[in-house]
Every structure is written in C-alpha cells, then in structure tokens.
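Given next are the chains, with one letter for each unit.
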Amino acid sequence: MAVLQQELTLGEAADQLARALPGHRVEILQGRLTVTPPPDGSHALALTKLGRAFDRAGLVEAGYEWVQGVGLWLPTSPEDFAIPDFSVVDPDFRDAHVTKNSYAPNVFRMVVEVTSSNWSDDLGPKVECYAQAGLPVYLIADRKHDEVVLYEDPADGKYPDPARFKRGQTLPIPESVGVTLDLSVDTLLDGDD
C-alpha cells in the first residue's frame, strides 16, 4: 500500500520537530531549521544567576520583566523565529504576539544566548537576525571561545563591532536595558559565583 506524503512548510516541519523532540529548542534562522539539545547544568545555572542578578538590580521596579525561552519573531524571512535563552522585555510584551509563541522584536530590550553545541548559530546568523530586528542589546556568553561578547545599538540592520570581555572581568549592562548592573564574565560562562 502506498502512503501519500504531503510537503511541509518550514514552519510545519518546525512544529513537528518540536513535538517529536521535547526539551530541544527548534528555531528557524534565515530560512534554515535548527535544533539544539537541552542545555547542560552550567548553561542552566548561568541563566538562573542572570535572572537573580536582574531581580536584585530592580528590573521589575524599573518597569521591565525578564523571561527565558520566549519566541522572538524575526523579520529576516516569513517563518523565521528564534528562542533566546534569556530576554529582558517590556511588561506588556504579550500584547505584541505575532504568531505561535513568538513576539515582535520591539518589546525586547536585550537578548542573551549562552552557547551550546550550536555556538556557530549564536555567533553568526543570530547576530545578523537580531541586528536586522533592531534588538538594542545582544549578549553572548561564548563558552566555545571562553569570552562574553556584547553587541548593541544596531544601525541599518547591522551591529557595530562588539565589546569583548574575558574571564576575571565584569561586564556593565548597557543603560538602555533599564537597570544598572555589572555581571561577572565567569558566572555567565560557568554558572558559578
């Protein structure tokens, strides 16, 4: 007996993969489907400690929220979306729902990625996509190259050259995020204090 197969759109394929691979992060970047396995313990701890630091800095009192794993609609292609590890967003970000679980880029003040096995996506296509989306601040805890990279203030769909921070240094969060906060590079890379 023959089975009829229908051709899937990229978005439909992403939905099927997300259902078939619980815990994996499925994204579409520049028209390319990507799948990342669940984070390791150091990755998860770095994000937990990042959230605590923003809480201590008074992010909510300043009028913003932080969230993990919320979809960001990208204007680079009709079905493009990313799921940043950590984001600082406007408190009414849910009103900017675009499609599925993705929200418009204008409600994101900062996105953070902690690199995993897909480190090249975080350092390549996501830099381009986030700049084209106009995200004011993009922070990468680059565990592959043992540094933290800070992009900010894109113009004409591109970020200027990033600031780079090494172990033992602290990174000042740009004022545009809404709070005054210095972060330890080591904590961002390892999840340790």
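Below is a summary of the structure that appears in this document. Every value quoted in this text rests on a predicted model; they were computed, and no experiment measured them. Per chain, the residues get numbers from 1 upward, laid out in the order the sequence is written. Residue-level local features of this predicted model are given only where pLDDT is at least 70; pairs of side-chain atoms are given and counted only at 80 or more, and the full residue set underlies all totals for whole chains, interfaces and linings. The basis for the side-chain values is all heavy atoms of the structure; hydrogens and waters are excluded.

**A few points about the sheet that holds strand S11 (residues 147–152)**
At least two DSSP bridges between two strands are needed for those strands to be called paired. Secondary structure elements are defined from DSSP: runs of H or I of at least 4 residues count as helices, runs of E of at least 2 residues count as strands, and each element is numbered from the N terminus. Ordered in space as S3-S6-S9-S10-S11-S12, the six strands form an open sheet in which the pairing is mixed. Looking at which strands have only one partner, the edges of the open sheet turn out to be strand S3 (65–68) and strand S12 (163–165). Across the sheet, the axes of successive neighbouring strands diverge by a mean angle of 15°, strand direction being ignored. Pairing of strand S9 (residues 108–114) with strand S10 (residues 137–142), which is carried by four bridges, proceeds in the parallel orientation. Among the inter-strand pairings, glutamate 113 is bridged to a residue of S10, identified as isoleucine 140. Whether two residues touch is decided by their heavy atoms; if any such pair falls within 4.5 Å, the residues are in contact. To obtain each axis, a line is fitted to C-alpha atoms, and for helices this fit is confined to the stretch in contact; angles are then taken between N-to-C directions over 0 to 180 degrees. Lying on the sheet, helix H4 (residues 125–132) is in contact with S9, S10 and S11; it crosses S10 at an angle near 165°.

**Description of the packing of aromatic side chains**
Put simply, two rings from Phe, Tyr or Trp (the six-membered ring, in Trp's case) pair if the centres are within 6.5 Å, and we call them stacked under 30 degrees between planes, edge-to-face over 60, tilted for the rest. Here the structure, examined in full by the defined rule, presents six aromatic pairs. A centroid spacing of 5.3 Å and a plane angle of 15° characterise the contact between tryptophan 66 and phenylalanine 86, whose relative ring orientation is stacked. Of the two residues, tryptophan 66 sits in strand S3 while phenylalanine 86 sits in strand S6 (residues 86–89), which places them 20 residues apart along the sequence. Exposure classes here rest on a 1.4 Å probe applied to the protein chains alone. A residue is buried below 20% of its type maximum, exposed above 50%, and partly exposed in between. You can call tryptophan 66 partly exposed: its relative accessible area is 25%. These aromatic residues form a ring-pair network of at least three members: Tyr130, Tyr138, Tyr151 and Tyr159.

**Let's talk about the environment of proline 172**
Relative to the helices and strands, proline 172 resides in strand S13 (residues 170–172). Owing to a relative accessible area of 43%, proline 172 belongs among the partly exposed residues under this scheme. Note: C-alpha distance between proline 172 and leucine 45 (127 residues apart in sequence) is 20 Å. Setting aside chain neighbours within four positions, we find proline 172 in contact with Leu150, Phe165, Leu181 and Asp182.

**Quick notes on the nonpolar core**
One recurring pattern in soluble globular proteins is that nonpolar side chains are buried together. Ranked by size, the top nonpolar core spans 26 residues in total, and within it Phe54, Met110 and Leu139 carry the most contacts. For this core, the secondary structure elements donating two or more residues are helix H2 (41–56), S6, S9, S10, S11 and helix H5 (185–190). Broken down by element, this core gets its largest block of residues, four residues, from H2. Those residues in contact with methionine 110, other than ones at most four positions away along the chain, are Phe54, Phe86, Ser87, Val88, Val137, Leu139, Ile173 and Val177. Put simply, buried Ala, Val, Leu, Ile, Met, Phe, Trp, Tyr and Cys residues joined by side-chain atoms within 4.5 Å make one nonpolar core.

**What to know about the pairing of strand S1 (residues 25–29)**
Most of S1 sits out of view: four of its five residues are buried. The pairing of S1 with strand S2 (residues 32–36) spans five bridges and is classified as antiparallel. Looking at the pairing, arginine 25 lines up with threonine 36 of S2. Turn length for the S1-S2 hairpin, with the two strands adjacent in sequence and antiparallel, is two residues, and the turn residue glutamine 30 shows positive phi of about 50°.

**Regarding unusual backbone geometry**
Positive phi, normally seen in glycine, also occurs at lysine 100, with a value near 45°. Its location among the elements puts lysine 100 in the loop between strand S7 (97–99) and strand S8 (102–103). Phi is positive for aspartate 146, close to 60°, though the residue is something other than glycine. Residue placement: aspartate 146 occurs in the loop between S10 and S11.

**Some thoughts on the pattern of salt bridges**
For this document, the term salt bridge refers to a Lys or Arg side-chain nitrogen within 4 Å of an Asp or Glu carboxyl oxygen. Taken as a whole, this structure holds twelve salt bridges when the rule is applied. The partner of aspartate 121 in a salt bridge is arginine 32, and the shortest N-O contact between them spans 2.6 Å. Highlighted residues: aspartate 121 in helix H3 (residues 119–123) and arginine 32 in strand S2, separated in sequence by 89 residues. One salt bridge in this structure joins aspartate 146 and arginine 167, with 2.8 Å as the shortest N-O distance. Here the residue aspartate 146 occupies a position in the loop between S10 and S11, and arginine 167 occupies one in the loop between S12 and S13, the gap between them amounting to 21 residues. Arginine 167 gets classed as partly exposed once you look at its relative accessible area, which sits at 33%.

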